[in-house]
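# Summary of the model geometry
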Amino acid sequence: MKRTIAQWSIFSTLFLAGFMAFLILCGEDNPEQPMSDTVFFGLKLAAGAVLYFCVIAGKYFNHRGLLPEIINSKKDKQED
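Below: a short report on this structure. (Residues numbered from 1 in each chain as written. Predicted model: local features only at pLDDT ≥ 70, side-chain atom pairs only at ≥ 80, totals over all residues. Heavy atoms only, no water.)

### With respect to a nonpolar patch on the surface
- Nonpolar side chains collect at one region of the surface, where Phe-15, Leu-16, Phe-19, Met-20, Phe-22 and Leu-23 lie side by side and expose about 620 Å² of accessible area between them.
- Its location among the elements puts Met-20 in helix H1 (residues 2–26). (Patch = residues over 30% accessible without salt bridge, like charges linked within 9 Å, V, L, I, M, F, W, Y side chains within 5 Å. Areas by Shrake-Rupley, 256 points an atom, 1.4 Å probe, with all protein chains shown as cover. Salt bridge = Lys/Arg side-chain N within 4 Å of Asp/Glu carboxyl O. Helix = DSSP H or I, 4+ residues; strand = E, 2+ residues; numbered from the N terminus.)

### Some thoughts on the packing of aromatic side chains
- In the structure shown here, the tally under the stated rule is four aromatic pairs.
- Considering the side-chain rings of Trp-8 and Phe-11, the 5.4 Å spacing of their centres and the 85° angle between planes classify their relative orientation as edge-to-face. Of this pair, Trp-8 and Phe-11 both sit in helix H1, separated by three residues, roughly a single helical turn.
- By relative accessible area, which is 30% here, Phe-11 ends up partly exposed.
- Pairing Phe-40 with Phe-41 gives two aromatic rings, centres 5.4 Å apart and planes at 75°, and the pair type is edge-to-face.
- Exposure remark for Phe-41: the relative accessible area of 54% places this residue in the exposed category. (Phe/Tyr/Trp six-rings, centres within 6.5 Å; stacked < 30°, edge-to-face > 60°. Buried < 20%, exposed > 50% of the residue type's maximum accessible area, 1.4 Å probe, protein only.)

### Looking at the side chain of Lys-44
- Checked against the element boundaries, Lys-44 lands in helix H2 (residues 37–63).
- Buried within the structure, Lys-44 lacks any salt-bridge partner; Glu-28 is the closest side chain of opposite charge, at an N-O distance of 6.2 Å.
- Not counting chain neighbours up to four residues away, the residues in contact with Lys-44 comprise Ile-24, Leu-25, Cys-26, Gly-27 and Glu-28. (Lys, Arg positive; Asp, Glu negative; His and termini not counted. Contact = heavy atoms within 4.5 Å.)

In structure tokens, the structure reads:
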């Protein structure tokens, strides 16, 4: 039970960090309060780096068995 909670905690943390990075990466500048190009592209670069880190960390944790097994019901039905 503790292992399952730990697995879902790791999965949730990676998902939330990746999702927030994706939102920042896809976001636009506020026209009423423009920021400099350096800051804008710096934020995009940092968000891309966080998203890349989440993918690499997810692959590592999955390889080590630290992420939960997600069951795809459609795939299971096709195998039967």
